[in-house]
Amino acid sequence: MTATSNQTIASTAVTQSKSANRRRWMTAAALAIAAIVVAHLLDGWAWRVMRDPNVYERDWGRLLRALGYLPTWLIVAIGCWTHDRPRRGWQWRGALLIAAPTAGGALAEVIKLCVRRLRPDAETFGYLFRSVGDRPFSTGGLGMPSSHTLVAFSGAVALTAVFPKARWLWFALAAGCALTRVMAIAHFLSDTVAAAALGIAVGTLLAPSMLRRSVAPDG
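Here the residue numbers are simple positions, counted from 1 along each chain's written sequence. Under the rules for a predicted model, residues below a pLDDT of 70 receive no local features and side-chain atom pairs below 80 are neither given nor counted, while totals for whole chains, interfaces and linings still include all residues. Only hydrogens and water are set aside; all other atoms, that is, all heavy atoms of the structure, feed into the side-chain values.

Engineer: Go over the overall build of the chain, please, and point to the residues and values.
Structural biologist: Here a helix means four or more residues in a row that DSSP labels H or I, a strand means two or more in a row labelled E, and each is numbered from the N terminus. Helix and strand content of the chain: seven helices and zero strands. Going from the N terminus to the C terminus, the chain shows its helices and strands as α-α-α-α-α-α-α. Across the 219 residues of the chain, 38% fall into the buried class. Here, residues are in contact when the closest pair of their heavy atoms is within 4.5 Å. Residue pairs at least 24 apart in sequence account for 76% of intrachain contacts in the chain once pairs closer than 6 positions are excluded. In this description, accessible areas are obtained by the Shrake-Rupley approach with a 1.4 Å probe, and a residue is regarded as covered only by the protein chains that are shown. Surface exposure of the chain reaches about 12,300 Å², of which carbon and sulfur atoms provide 67%. For every residue, the accessible area obtained with a 1.4 Å probe (protein chains only) is divided by the maximum for its type, and the residue is called buried under 20%, exposed over 50%, and partly exposed between those limits.

What follows is the structure, given as structure tokens:
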């Protein structure tokens, strides 16, 4: 087999890989959009049925909310750094566990400023939006997407990349964080579903490149 043939085969394989990856992202985007649309249709039901304003007065509620609290992920990252320190590339695995939630939280704040949808009112169901002229750079009181949920799902993807055998646990915890945000009437269901989709995207984009660095030869 000639060198030209080898190059052609390699080029074809790269093209096919890129095409398959593009199809996966398009499929994921379509599923995410469908889930967000369905969540909007269920917002009224969730607002009426799922509410529990006292959820954060319970230990399990506070635990699940903490998954959306950025300093929690710093502690997780420090634990990973401590555990992995003797291994090559230890910095990158721990860095992923704080970088993904941080990027997710930052993205949530930016999108809130663009969408400007208010958090749900406990007494009256409906979507209200804040005008651009009213506190244009403040995210206080804005709910789309849920920052806690986006941080939690970004972190869940990062944890899955580092500790894949426990992926079901990481995503269950992230979903629990999202559930408590709806129960507390802090967010519409659609706020959390949109945040979950974005969080998964953030983690999926960051994890491969950072973990490749963790196994790359030194030098």
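Engineer: Any chance you could break down the pattern of salt bridges for me, citing the residues and the numbers?
Structural biologist: Throughout this description, the term salt bridge denotes a Lys or Arg side-chain nitrogen within 4 Å of a carboxyl oxygen of Asp or Glu. Overall, the coordinates contain five salt bridges when judged by the stated rule. In this structure, Arg58 engages Asp52 in a salt bridge whose closest nitrogen and oxygen atoms are separated by 2.7 Å. Residue classification places Asp52 among the buried positions, given a relative accessible area of 18%. In this structure, Arg62 and Asp59 form a salt bridge, with 2.4 Å as the shortest nitrogen-oxygen distance. One end of the pair is Arg62 and the other is Asp59, both in helix H2 (residues 59-65) and three residues apart, which spans about a single turn. Relative accessible area serves as the criterion here: at 42%, Arg62 is assigned to the partly exposed category.

Engineer: Give me the lowdown on the layout of surface pockets, citing residues and values where you can.
Structural biologist: In this analysis, the protein atoms alone were mapped onto a 1 Å grid. Cavities are point sets where a 1.4 Å probe fits without being able to get out; pockets are open sets with protein on both sides within 12 Å along at least five of seven lines; lining residues have an atom within 4 Å of a point. Grid points are joined across faces, edges and corners, and a volume is the space filled by probe spheres set on the points. Approximately 430 Å³ is the volume found for the largest pocket. Taken together, 17 residues line the largest pocket, and the ones lying closest to its centre are Ala28, Ala29, Ala32, Ala197 and Ile200. Counting residues per element, the ones that place at least two in the lining of the largest pocket are helix H1 (3-49) and helix H7 (189-215). With ten residues, H1 is the largest single contributor of residues to the lining of the largest pocket. Amino acid classes used here: Ala, Val, Leu, Ile, Met, Phe, Trp, Tyr, Cys and Pro are nonpolar; Asp, Glu, Lys and Arg are charged; the rest, including Gly, are polar. Grouping the amino acids of the lining of the largest pocket by side-chain chemistry returns 14 nonpolar, two polar and one charged.

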